[in-house]
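# Chain and residue survey
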Amino acid sequence: YGAIDHHAVQLAPSLETPSPQLVYAYTGNIFIETHALGSACRIVALKFKHGSKTPSQKAAGMLLGGILSDTLGLTGPTTTPYDQEAVDYLQPLSSIADAQQFYTDMALAKSASVCTDPLADVLDSDLKVYSTVPGVASLIIGSVEVANQDIYECLLSRSSNEWAAAIQEVRDKYQSGDGAKPETN
């Protein structure tokens, strides 16, 4: 068994890293491989390429979508030249003619749900909890990704009562200890 990722490793107490970084390690019988920045899909794609293997058309499309999503269409701050290399490798295998249009369509579909999903779910979808004073105080940071101005305005047009209730619901979840394990980075 194994895990490939591009985040910090949080497998307390056996293996933890304070931030995303290159890791090749075993913890028990599980192999862990992490790389800083970019996308885990990029790691898998380049393993195909450098291992002289070819992913199926569907697998290439899924990997391509993951890279484009994680790197914000290759424009995000974590984008690396390896992400572009992986996109160049995967695009012809996926039969997706226009990677940028594919990304735009995905981003619109993904972010449009912020207008219809319960607002507490929207706010809780990408939160990180940092234990600033262990057992005493935490800091919660989150983000909501929107693809364009219309979706942004739709999100902000939700009622102030809905916002207040959603913020309280998320706050209660993390104060009660039912939320995610605190991050250490």
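Residues numbered from 1 in each chain as written. Predicted model: local features only at pLDDT ≥ 70, side-chain atom pairs only at ≥ 80, totals over all residues. Heavy atoms only, no water.

## Quick look at helix 1 (residues 40-50)
For the record, the criterion: Whether a residue is buried, partly exposed or exposed follows from its accessible area with a 1.4 Å probe, protein chains only, as a fraction of its type maximum: under 20%, in between, or over 50%, in that order. Counting from the N terminus, the helices are DSSP H or I runs at least four residues long and the strands are E runs at least two residues long. Working rule for contacts: check all heavy atoms of both residues, and any pair within 4.5 Å makes them a contact.
Taken together, the buried positions of helix 1 are occupied by Ala40, Arg42, Ile43, Ala45 and Leu46. Those residues of helix 1 that are buried lie in contact with strand 1 (2-5), strand 5 (30-34), helix 2 (57-70) and helix 3 (81-94). Ser52 lies just past helix 1 and shows a positive phi near 55 degrees.

## As for the pattern of salt bridges
Working definition: two side chains of opposite charge can pair if their charged atoms are close together. Rules: The working definition used for a salt bridge is a side-chain nitrogen of Lys or Arg within 4 Å of a carboxyl oxygen of Asp or Glu.
All told, the structure shown has six salt bridges when counted by the stated rule. Across the pair Lys49 and Glu85 runs a salt bridge whose closest N-O atoms are separated by 3.1 Å. One end of the pair, Lys49, is in helix 1; the other, Glu85, is in helix 3, with 36 residues separating them in the sequence. Assessed through its relative accessible area of 34%, Lys49 is described here as partly exposed. For Glu85, a relative accessible area of 23% gives the class partly exposed. Between Asp124 and Lys173 there is a salt bridge; the shortest N-O distance is 2.5 Å. Here Asp124 is found in helix 5 (residues 119-124), whereas its partner Lys173 is found in helix 7 (residues 160-175), with 49 residues between them in sequence.

## Comments concerning the confidence of the model for the protein chain
Detailed reading of the predicted coordinates is not advisable wherever pLDDT falls low. For clarity, the threshold we go by: The quantity known as pLDDT measures the predictor's confidence residue by residue, on a range of 0 to 100.
Averaged over every residue, the pLDDT of the protein chain is 85; the share at 70 or more is 92%. At the low end of the mean pLDDT range in the protein chain sits strand 2 (residues 10-11), at 70; at the high end sits helix 2, at 96. Contacts from residues 181-185, a stretch scored under 50 in pLDDT, to residues over four places away or in other chains number 19 contacts.

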